[in-house]
Amino acid sequence: ALLDEAGPGVVSHIWITIASRDPHHLKALVLRMYWDGEATPSVEAPIGDFFGLGLGEYFLYQSTPLLVAPEKALNCFFPMPFQKHARITVSNEGSERVDAFYFNIDYRIYPQPLPTDTLYFHAQYRQAAPAKGWTNQWRSNGDALVNQKKNLTGEDNYVWLEASGRGHFVGVTMSVLENQDGWWGEGDDMFFIDGETTPSINGTGSEDYFSGAWDFGSHPFSYPLFGAPVKGDESAGSRSSVYRFHLDSPIPFTKSLRASIEHGHANVRSDNYFSVAYWYQTEPHGAFPPLPPLDQRIPRLYSVGGPGNAGK
């Protein structure tokens, strides 16, 4: 356990750095957080993914709530309130021992209970390796076969989060390993609030949702609320990592939320997605999907057919 403390209180900052000879330790170490004695964690993610490193490799970037600084310094500034108790753990699901694991957690303890309507911090890992497209018989994103396909209900979208309760969505980090050639980002974000069958928020393209433009241009970038700190080229095997935080524009829900994005136009592409969604809500929270085993969490190319993957 990294933290095991009675409340009421608020965790304000988490700093971690790791020395390990395991090349996959960012995927093998799993971070979990439990509030007020709950049986299932409100936060569950591979430690690299939680800090935005969804490809299992270190890179530097700076946002308001999450930062990775030299050298391999993982920082989180999301406030995490708790009324009765906070427990934060890390478990090693890999086969190699971690040489060193250093951490510092800043938190405040209060003499009086927090407001009764206080919402709890949550973070959920998901992946699709691969996110299976509806066909691999296409040559480019501009094919008529692709462009004529409609997706108005979010069927088969890549899902960032399905939550039940009352709360608000505050962001997502996502990494993509392309199995096929072309631009991975011809996909719209869709948010279904309180059981909607058509999304009340429906975007116009992946780079648009992540507040970039035109395939994220020619170089990586990171800003306080959005960024693409890793930007691959548009070919099979390329890697990209992106983030968007809604600290200025949290997306509220009173009963449920389904946050998702298309993988290619109308979900035609079959790339690999790894993501962590961040939100606040009342307890109890809905069940998280089972964490995939470690060998499935490690990014690798899959034989899916299509451009750049033909005959595989």
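Residues numbered from 1 in each chain as written. Predicted model: local features only at pLDDT ≥ 70, side-chain atom pairs only at ≥ 80, totals over all residues. Heavy atoms only, no water.

### Quick notes on the packing of aromatic side chains
Okay, step 1: The tally for this structure, following the rule as stated, stands at 29 aromatic pairs.
Okay, step 2: For the pair Phe 59 and Tyr 61, a centre-to-centre distance of 5.8 Å together with 40° between the ring planes defines the contact as tilted.
Okay, step 3: Since its relative accessible area comes to 13%, Phe 59 is described here as buried.
Okay, step 4: Counting every residue linked through ring pairs, the aromatic cluster contains Phe 50, Phe 51, Phe 59, Tyr 61, Phe 78, Phe 121, Tyr 243, Phe 245, Tyr 278 and Tyr 280.
Okay, step 5: Positioned above the aromatic ring of Trp 134 is the side chain of Lys 149, whose terminal nitrogen or guanidinium carbon lies 4.7 Å from the ring centre.
Okay, step 6: Its end group placed over the ring of Tyr 209, Arg 244 keeps NZ or CZ at 5.0 Å from the ring centre. (Phe/Tyr/Trp six-rings, centres within 6.5 Å; stacked < 30°, edge-to-face > 60°. Buried < 20%, exposed > 50% of the residue type's maximum accessible area, 1.4 Å probe, protein only. Lys NZ or Arg CZ within 6 Å of the ring centre and 35° of its normal.)

### A word on the pairing of strand β14 (residues 189-193)
Walk down a regular strand and you will see the side chains alternate between the two sheet faces.
Okay, step 1: Buried residues dominate β14, accounting for 5 of its 5 residues.
Okay, step 2: Residues Asp 189, Phe 191 and Ile 193 of β14 are buried on one face, and the alternating residues Met 190 and Phe 192, pointing to the opposite face, are buried as well.
Okay, step 3: With 5 bridges joining them, β14 and strand β20 (residues 256-261) adopt antiparallel strand pairing. Bridge pairing in β20 places Phe 192 opposite Arg 258.
Okay, step 4: The pairing of β14 with strand β15 (residues 201-202) spans 2 bridges and is antiparallel. Residue Met 190 lies in a different strand from β15, and its bridge partner there is Asn 202. (Helix = DSSP H or I, 4+ residues; strand = E, 2+ residues; numbered from the N terminus. Pairing = 2+ DSSP bridges.)

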